[in-house]
Amino acid sequence: MDDKSLSGDLQLFSAESVAAVPQESGTSFRGTFDQRLCFFRVTVVCGRLELLLSANISIGKESSTNERLDCEGIALKLYFYRVRYFVRKKCQVQMAMFCIHKCLKCGLRNQTLKQRGLSVYTSVYRVNEDDIKEKLQQHPGGSIDLQKDQNGIANLIINNPERKNAFSGTMMLDFRDRVEELEHWTNGKGLIVRGAENTFCSGSDLRAVKAMSNPEDGLRICMFMQNTLTRLLRLPLISVALVQGKALGGGAELTTACDFRLMTSGSEIRFVHKHMGLVPGWGGATRLIKLIGYRNALKLLSSAQHVNPATGLKIGLVDEILSSTDEGSCLEEAENWLNQYTGGSSQVIRAIKNVVVSGRELSQEESLKNEKSIFGTLWGSHANLKALDQNIKHN
Ligand SMILES: CC[C@@H](C(=O)O)C(=O)SCCNC(=O)CCNC(=O)[C@H](O)C(C)(C)COP(=O)(O)OP(=O)(O)OC[C@H]1O[C@@H](n2cnc3c(N)ncnc32)[C@H](O)[C@@H]1OP(=O)(O)O
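Predicted model only: the values in this text are computed from it and were never measured.

The subject of this paragraph is the side chain of Arg-194. Mapping Arg-194 onto the fold places it in strand β14 (residues 190–195). Of the side chains with opposite charge, Glu-327 comes closest to the buried, unpaired Arg-194, at an N-O distance of 4.0 Å. Here Asn-155 takes part through its side chain, which lies 2.6 Å from a polar atom of the side chain of Arg-194. Each residue touching Arg-194, except ones within four places of it in the same chain, is listed here: Gln-147, Asn-155, Leu-156, Ile-157, Ile-158, Phe-200, Leu-242, Glu-327 and Leu-331.

In structure tokens:
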């Protein structure tokens, strides 16, 4: 693994961001830099506030403006787009520019001065994660299991069958850790998200929900899960939710954080939030609208209706109805379905996911820039040269 740790002081140069960040607290950062991908993940710490940001970096030689700083002969420029965070009141920082100094112990000098990185996606927030971590730890049960195979396909398994795979507190923490592990899995191409023992997931563990039913904890859990599911959706892997049995509440929301959904006959997806006196809080409503449109999303959320495979297919929530129902055969079917999209070089598959996600999440201009940058990483690459050598015909 090429990752290097960085830490140091942080200077904020955008007037807007300076105004938004609490000035009384020292601002510092810690982070990791993936040298292979030129991808930088950093947690900015302002007192009790923590922002989790990720970006690629462009390395150039000029250094004159405020946003650039010459570090050991290499100017670093980090752009964080649309940084959103919450202190007591909501703040939004547009285009915060960070400059890093005294931190380049990682030998960036030896890097090629060529931009090779992944895109700069909008960042996700992370507020007082430690506070909620302590509380989540008090609600144990089940696990989130990750199996990665040699072909670049992983299985992420929600494993708490005694409670129909409801998410206990520790499972939420596990889930975040497994997603982080996948973020670092550079050979990966595809991901199947499924539940143990023939059912998907019944949402949050209601015992934990009851114990943390105050609004403060509710918001913290909501942000924690939004963060993790956003990271899941942005993984450079083609992901599929294999829905067997029931996907309820948070479980239904989880299906929307995958690129595709496959359902077995007899299974159902159901946004039961209305009946719980709630709306989705794990980002499920936001994603659902993108998947099935405003009107269909409004219908599903306001009726809390059961979505069976046929309805799911009709409204575009579901991509395929699987013919098998037993666990092993379903999994095999799901793997075969996914293989249609994950064949070939992992670099290319990951790049495809990258440009598609950035096309959806970024402005047209930002996405075009990202596409150019990703294109630049592939032009003349091994896969590209090999294809040229083979003189392929596409008829
Ligand atoms: C909506 C907000 C959202 C969030 O943002 O956090 C949530 O996800 S809240 C949770 C929403 N989900 C539910 O309300 C599910 C409630 N449970 C059911 O509807 C049913 O249990 C089921 C999931 C449809 C399964 O029904 P069935 O097949 O008949 O099995 P059982 O009912 O006997 O369940 C077995 C066992 O599992 C326990 N269980 C199921 N789901 C949960 C859950 N989410 N949290 C805690 N425990 C759950 C169920 O209580 C049974 O246990 P015992 O009663 O001890 O036998």
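The full set close to the ligand counts 18 residues, and Ser-202, Gly-203, Ser-204, Leu-206 and Gly-250 are the nearest of them. A distance of 3.4 Å separates a nitrogen atom of the ligand from a polar atom in the side chain of Arg-163. For the ligand, an oxygen atom lies 2.9 Å from a polar atom in the backbone of Gly-250. Alone, the ligand offers 980 Å² of accessible surface; in the complex the protein occludes 61% of this.

Within the largest apolar cluster, 47 residues are counted, with the highest numbers of intra-cluster contacts made by Phe-167, Leu-232 and Ile-269. Among the elements that line this core, the one with the most residues is helix α3 (residues 169–183), at six residues. Discounting residues that sit within four places of it in the chain, Phe-167 has contacts with Ile-144, Ile-158, Met-172, Phe-175, Cys-201, Gly-203, Ser-204, Asp-205, Met-225, Leu-254 and Trp-282. Residues Ile-192, Leu-262, Leu-322 and Leu-338 belong to the second largest nonpolar core, which totals 13 residues.

Looking now at the environment of Ser-329. Note that Ser-329 resides in helix α10 (residues 327–342). Note on Ser-329: relative accessible area 28%, which makes it partly exposed. In sequence terms Ser-329 and Glu-365 are 36 residues apart; their C-alpha atoms lie 44 Å from each other.

What follows covers the packing of aromatic side chains. All chains considered together, the criterion is met by six aromatic pairs. Aromatic pair Phe-260 and Tyr-341: ring centres 5.7 Å apart, planes at 25°, arrangement stacked. Highlighted residues: Phe-260 in strand β17 (residues 260–264) and Tyr-341 in helix α10, separated in sequence by 81 residues. Seen in terms of ring centroids, Phe-375 and Trp-379 are 5.4 Å apart; in terms of plane orientation they differ by 45°. Their pairing is tilted. On the basis of relative accessible area, Trp-379 is assigned to the exposed category, the value being 62%. Through a chain of ring-to-ring contacts, the aromatic side chains of Phe-167, Phe-175 and Trp-282 assemble into a single cluster.

Turning our eyes to something else, we now look at the pairing of β14. Most of β14 is tucked away: six of the six residues are buried. Alternating positions in β14 separate into two faces, Gly-190, Ile-192 and Arg-194 on one and Leu-191, Val-193 and Gly-195 on the other, with burial throughout. Relative to β14, strand β13 (residues 153–159) runs parallel, the two being bridged by six bridges. Residue Ile-158 lies in a different strand from β14, and its bridge partner there is Gly-195. Crossover β13 to β14 through α3 is right-handed.

Parameters and conventions
- Residues numbered from 1 in each chain as written.
- Predicted model: local features only at pLDDT ≥ 70, side-chain atom pairs only at ≥ 80, totals over all residues.
- Heavy atoms only, no water.
- Helix = DSSP H or I, 4+ residues; strand = E, 2+ residues; numbered from the N terminus.
- Buried < 20%, exposed > 50% of the residue type's maximum accessible area, 1.4 Å probe, protein only.
- Lys, Arg positive; Asp, Glu negative; His and termini not counted.
- Salt bridge = Lys/Arg side-chain N within 4 Å of Asp/Glu carboxyl O.
- Polar contact = N/O pair within 3.5 Å; in protein donor to acceptor, adjacent residues only side chain to side chain.
- Contact = heavy atoms within 4.5 Å.
- Near = heavy atom within 4 Å.
- Areas by Shrake-Rupley, 256 points an atom, 1.4 Å probe, with all protein chains shown as cover.
- Core = buried A, V, L, I, M, F, W, Y, C linked by side-chain atoms within 4.5 Å.
- Phe/Tyr/Trp six-rings, centres within 6.5 Å; stacked < 30°, edge-to-face > 60°.
- Pairing = 2+ DSSP bridges.
- Right-handed = clockwise from strand over helix to strand, strands pointing away.

Treat this as a map of the structure, not an account of what it does.
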